[in-house]
Amino acid sequence: MTATGDGPWLDEAAGRLVRPFTVSNGRTRPTIAFDLLSHVMATGATPLGYLGPEHAQALDLCRAPVSVAEVAAHLKLPAVVTKVLLSDLVDCGALTTKLPEFHQNPTDRALLEAVLDGLRRQL
């Protein structure tokens, strides 16, 4: 029995019928280095060759810029599997990627001090 709206890939009692690493053909390393906050967006190009249903779902989610973490959450797949799927789509020209704005300087001292002050007030 399948869960409503999830198609044949989910079973109410058993959970996911296809194991996550089967989706990526057992690959655990993407060809492109993604940060979880990297944004991906569809280019409009049609991917050449066969891509699985998860690739199509990921591509559909990327019609507007979306983070890698959000794609993983929507697909209900581990981040590393999602990164492999997204790298496949970038490799075939169907997606483009952009590092997060703060990639060069991810630690803003003022922000970190404000967070620390807030945590101290809570304790």
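Here goes a summary of the coordinates provided. (Residues numbered from 1 in each chain as written. Predicted model: local features only at pLDDT ≥ 70, side-chain atom pairs only at ≥ 80, totals over all residues. Heavy atoms only, no water.)

## Looking at the nonpolar core
Inclusion rule: In plain words, nonpolar cores are sets of buried Ala, Val, Leu, Ile, Met, Phe, Trp, Tyr and Cys residues tied together by side-chain atoms within 4.5 Å. A 1.4 Å probe rolled over the protein chains alone gives each residue an accessible area, and that area as a share of the maximum for its type sets the label: buried under 20%, exposed over 50%, partly exposed in between. Segments assigned H or I by DSSP are reported as helices when at least four residues long, segments assigned E as strands when at least two residues long, and all are numbered from the N terminus. Whether two residues touch is decided by their heavy atoms; if any such pair falls within 4.5 Å, the residues are in contact.
Counting residues in each nonpolar core, the largest one holds 17 residues, and the members touching the most others are V40, C62, V71, L86, L89 and L95. Looking at this core, the elements with two or more residues in it are helix 2 (53-61), helix 3 (68-75) and helix 4 (79-91). Per-element tally for this core: the top contributor is helix 4, with 5 residues. In this structure, V71 is in contact with V40, A58, L61, C62, V66, T82 and L86, ignoring residues within four places of it in sequence.

## Examining helix 3
Threshold: What the arc measures is the spread of directions leading from the helix axis to the C-beta atoms.
Along helix 3, the residues that are buried comprise V68, V71, A72 and L75. Seen from one end, helix 3 has its buried residues packed into an arc of 100 degrees, which puts them on one side. More than 90 degrees from the buried face of helix 3, the exposed residues found are A73 and H74. Directly beyond the C-terminal end of helix 3, a positive phi value near 60 degrees is found at K76.

## Observations concerning the pattern of salt bridges
Threshold: One side-chain nitrogen of Lys or Arg within 4 Å of one carboxyl oxygen of Asp or Glu is enough to make a salt bridge.
Counted according to the given criterion, the structure contains 2 salt bridges. For D60, the salt bridge goes to R63, with nearest N and O atoms at 3.2 Å. What makes D60 partly exposed here is its relative accessible area of 42%. Given a relative accessible area of 62%, R63 falls into the exposed group. Between R109 and E113 there is a salt bridge; the shortest N-O distance is 3.0 Å. Here the residue R109 and the residue E113 both occupy positions in helix 5 (residues 109-122), the gap between them amounting to 4 residues, near one helical turn. Overall, E113 belongs to the partly exposed group, its relative accessible area being 38%.

## Considering unusual backbone geometry
Glycine aside, negative phi is the norm for most residues, and most peptide bonds take the trans geometry. Residue K76 is not a glycine yet carries a positive backbone phi of 60 degrees. With respect to the helices, strands and loops of the structure, K76 is situated in the loop between helix 3 and helix 4. Judged by relative accessible area, which is 55%, K76 ranks as exposed.

## Side note on a nonpolar patch on the surface
Keep this limit in mind: Patch members must show over 30% relative accessible area and no salt bridge, and they are joined within 9 Å when carrying like charges or within 5 Å when they are nonpolar side chains of Val, Leu, Ile, Met, Phe, Trp or Tyr. Each accessible area is a Shrake-Rupley result for a 1.4 Å probe, and residues are judged covered by the shown protein chains and nothing else.
A cluster of nonpolar residues, L111, V115 and L119, forms a patch on the protein surface that exposes about 280 Å² of accessible area. Mapped onto the secondary structure, L119 falls in helix 5.

## A look at helix 2
Of all the positions in helix 2, only E54, H55, A58 and L59 are classed as buried. Mapping the buried residues of helix 2 onto a view down its axis gives an arc of 140 degrees, with all of them on the same face.

## Brief notes about the environment of L36
Mapped onto the elements, L36 comes out in the loop between helix 1 (20-23) and strand 3 (39-42). Relative accessible area serves as the criterion here: at 39%, L36 is assigned to the partly exposed category. For the pair L36 and A79, spaced 43 residues apart in sequence, the C-alpha separation works out to 7.7 Å. If sequence neighbours within four positions are ignored, L36 has contacts with S67, V68, A69, A79 and K83.

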